[in-house]
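Understanding the architecture of this molecule
In case you want the letters, here they are:
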Amino acid sequence: MKIDNRNIESHLKEKRVFKPAKEFARKARIKNLAQYRRMYRESIRQPDKFWSREAKELSWQKRWRKVLEWKAPFAKWFIGGKLNLSANCLDRHLTTHRRNKAAILWEGEPGEKRTLTYQQLHREVCRFANVLKRNKIGKGRRVIIYLPTIPEAAIAMLACARIGAVHSVVFGGFSADSIRDRIHDSGAIALITADGSYRRGGIVPLKKNVDDALRGGTSVKRVIVFQRAHNEIHMEEGRDVWWHRELEYVDDNCPPAALDSEHPLYILYTSGSTGKPKGILHTTGGYLVGIYSTTKYVFDIRDEDIFWCTADVGWVTGHSYVVYGPLANGATTFMYEGAPNWPEPDRFWKIIEQNRINILYTAPTAIRAFIRWGDQWVKKHDLSSLRLLGTVGEPINPEAWIWYHKNIGGEHCPVVDTWWQTETGAIMITPLPGAIPTKPGSATLPFFGVDPAVVDPNGKEVGANVGGKLIIRGPWPSMLRTIYRDTERYKKQYWSEYKENYVTGDGARRDEDGYFWIVGRIDDVLNVAGHRLGTSEIESALVSHVRVAEAAVVGRPDELKGQSVVAFVTLKSGVDASNDLKGELRDHVGVHIGAIAKPDEVRFAEALPKTRSGKIMRRLLKEIASGAKVSGDTTTLEDFSVLTKLAEPEE
Ligand code: PRX
């Protein structure tokens, strides 16, 4: 089967509809379509009323004066309110039966297990917050967190939130250069890392990457190192301290700071269509309300549930649905450090069986890998504890959806295909499992308070089953507030095209039932295995190699990863094109960005197809990369012979 999520036509053929099971709906918070529609209508017509009701379920040190102030494109939510996110994730539960309940269940890749109850997690967070204070990290300061998915990642994030420091988590797969860029942009004064982490049986040298990133001097004055893998590392005198040693100097008393609702909570870097990653800024009150209520309604989460979101804490999904969303709801969140196929391809199913996981939230690219590895790995395990499945990160092809539903969900678990972005902070378009019938491949209907539309280039809403750009009309609580230190880019990138409407950068269509079918990115951003990668970032990494003159990177549909990275490279004169050089260029990208950005294919070319004004014609390269005949308009092409050369088969 050929998977091409960019092909809208293929979705049109998808007619299967799955109604929520009666048994599930009866117990769910939102029990039917009529109830969803009633609440949705209220959330759009009277957002203040709707969102204050949600916010009141949380704990505020001072109640807000006003729910929303919208001076497009700048929103403030719960104005005048004071609160603390860590207190909402921890202290709030300590006066209830949840005090002795597992907050975090964790499993390391080598197999160790840890459990932290709410009371224990609270204590660890308070102690580590005191470590931060001791190291002169205070309110408003930026802190880079470069850790694997271990409880300490959650502890570090919550400790920052407790004192009002702003965390910026950098995915553990990113390289030294990526860390340095993020330190530079955020002006971070401290960095929290580990000696190493485990991945597919090997050790990822996190601390070494940090040392490389800090070489030559940066704004980072303190590095706190958690001992995880016991690999040998260098500790820089006067700069680096051990996490466990620091704990010896502090007590466990750390009252949560009363922070303004709009106090910055975190900066998370994501790819955009220009070379530089964007620092997406999220603030406290609105973000909390957004992740709290989406976790509650979308996963219909229950006190007795064990919730497993398989994302790495370095991505937004890890922020919102491994750490903050489940803990704000007093749930038990499961964390796993390593790879899904280590030591064997049934690691996930083994984890589900042993821990009796109830809700699994993972990515389509992982599901496609499971399909490829074979059903026998799934069949070995009892997955009957599961009651709900979710996906996120990219469009899911209907066949993978059906496989997931049948083989993992035993045909009784609803599947929630949730559409959202780093920028949106929380889930935006999604089924509610007891209320909204699902169609494989569609993220279905908008969440409460979200008003999306599909529009043509003039901003006019298009009719049913016509493709267009996906926009969101008006603000929502968990929206990004700006791009850190680049308000102009924030305005231009998201809000300049259609006044007061947020441009998502995704293409979509809406069917005759109002269901959204997301096609994918329409800008120069790839979605490789659920990770957003800017083509221009990869291009600049390639061009930074001494032998490269010019590079153009495009995506090609890929059965497993959604898209794969194809790089067209022209070399400086006198340089020989060789297979060794291809490998070298791939590694070069790995060093500069991280392994996830390595081109799957490097093609050398004498020249790249350009318009007369010098713009690279990516559309043509895309067609060439996917082996298709160049069919579109080539009249603006400067040198036609370039095309024939590019299309020549590889040696
Ligand atoms: O293209 C959409 C795709 O992932 C992009 C957001 O990427 P990122 O900011 O890295 O966040 C990923 C996790 C929230 C979107 O613009 N995307 C995400 N979820 C879906 C999706 N595409 C289709 N269906 C989804 N459920």
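Residues numbered from 1 in each chain as written. Predicted model: local features only at pLDDT ≥ 70, side-chain atom pairs only at ≥ 80, totals over all residues. Heavy atoms only, no water.

**Topic: the site of the ligand**
- Taken together, 17 residues lie around the ligand, and Asp417, Thr418, Thr422, Arg521 and Arg532 are the ones closest in.
- Contacts to the ligand include aspartate 417, whose side-chain N or O atom sits 2.7 Å from a nitrogen atom.
- The side chain of arginine 521 places a nitrogen or oxygen atom 2.8 Å from an oxygen atom of the ligand.
- When the free accessible area of the ligand is taken as 550 Å², the share hidden by the protein chains comes to 96%.
- Of all the elements in the fold, those that place two or more residues in the shell around the ligand are helix H13 (316-328) and strand S25 (516-521).
- Looking at the shell around the ligand residue by residue, the class counts come to six nonpolar, six polar and five charged. (Near = heavy atom within 4 Å. Polar contact = N/O pair within 3.5 Å; in protein donor to acceptor, adjacent residues only side chain to side chain. Areas by Shrake-Rupley, 256 points an atom, 1.4 Å probe, with all protein chains shown as cover. Helix = DSSP H or I, 4+ residues; strand = E, 2+ residues; numbered from the N terminus. Nonpolar A, V, L, I, M, F, W, Y, C, P; charged D, E, K, R; others polar.)

**Examining helix H17 (residues 398-408)**
- For H17, the tally of buried residues reaches eight of eleven residues, placing the bulk of the element in the interior.
- Those residues of H17 that fall on the buried side of the exposure criterion are Pro398, Ala400, Trp401, Ile402, Trp403, Tyr404, His405 and Ile408.
- Glycine 410, located one to two residues past H17, shows a positive phi value of around 55 degrees. (Buried < 20%, exposed > 50% of the residue type's maximum accessible area, 1.4 Å probe, protein only.)

**Examining the state of the cysteines**
- The final tally for this structure, using the stated rule, is zero disulfides.
- Free cysteine: cysteine 89, not disulfide-bonded; nearest cysteine sulfur from cysteine 126 at 13 Å.
- For cysteine 89, a relative accessible area of 0% corresponds to the buried category.
- Unpaired in this structure, cysteine 309 has its nearest cysteine sulfur neighbour in cysteine 89, at a distance of 15 Å.
- Under the relative-accessibility criterion, cysteine 309 is labelled buried at 3%. (Disulfide = S-S within 2.5 Å.)

**Quick word on the packing of helix H7 (residues 118-134) against helix H8 (residues 151-163)**
- For the pair H7 and H8, the least separation of the axes is 8 Å and the interaxial angle reads 65 degrees. For the pair H7 and H8, the sense of crossing is right-handed. Contacts between H7 and H8 involve Leu121, His122, Glu124, Val125, Cys126, Phe128, Ala129, Leu132 and Lys133 from the former and Ile155, Ala156, Leu158, Ala159, Cys160, Arg162 and Ile163 from the latter.
- Its residues assigned to classes, the contact of H7 with H8 shows twelve nonpolar, one polar and three charged. (Axes fitted to C-alpha atoms, helices over the stretch in contact; angles between N-to-C directions. Left-handed = near helix turned anticlockwise from the far one by under 90°. Contact = heavy atoms within 4.5 Å.)

**Here we look at a positive patch on the surface**
- Judged by side-chain charge, Arg37, Arg38, Arg41 and Arg45 come together as a positively charged surface patch.
- You can see arginine 41 is positioned in helix H3 (residues 33-45).
- Taking the relative accessible area as the measure of exposure, arginine 41 reaches 42% and is therefore partly exposed. (Patch = residues over 30% accessible without salt bridge, like charges linked within 9 Å, V, L, I, M, F, W, Y side chains within 5 Å. Salt bridge = Lys/Arg side-chain N within 4 Å of Asp/Glu carboxyl O. Lys, Arg positive; Asp, Glu negative; His and termini not counted. Charge placed at Lys NZ, Arg CZ, Asp CG, Glu CD.)

**Here's the deal with unusual backbone geometry**
- Backbone torsion omega between alanine 72 and proline 73 reads 0 degrees, so that peptide bond is classified as cis.
- In this model, tryptophan 342 is joined to proline 343 through a cis peptide bond whose omega is -5 degrees.
- Note that proline 343 resides in the loop between strand S17 (332-336) and helix H14 (347-355).
- Of note, the phi angle at histidine 230 is positive, near 55 degrees, even though the residue is not glycine.
- Considering the arrangement of structural elements, one finds histidine 230 in the loop between strand S11 (222-226) and strand S12 (240-242).

**Considerations on the confidence of the model for the protein**
- On average, the protein scores 93 in pLDDT, and the residues at 70 or more come to 95%.
- In the model, residues 1-11 has pLDDT below 50 throughout and makes 27 contacts with residues more than four positions away in sequence or in other chains. (pLDDT = per-residue confidence, 0-100.)

**Here's the deal with the environment of glycine 187**
- Relative to the elements of secondary structure, glycine 187 occurs in the loop between helix H9 (176-186) and strand S8 (190-194).
- C-alpha of glycine 187 to C-alpha of tryptophan 315: the two residues are 128 residues apart in sequence and 20 Å apart in space.
- Discounting residues that sit within four places of it in the chain, glycine 187 has contacts with Arg142, Ser219 and Arg485.

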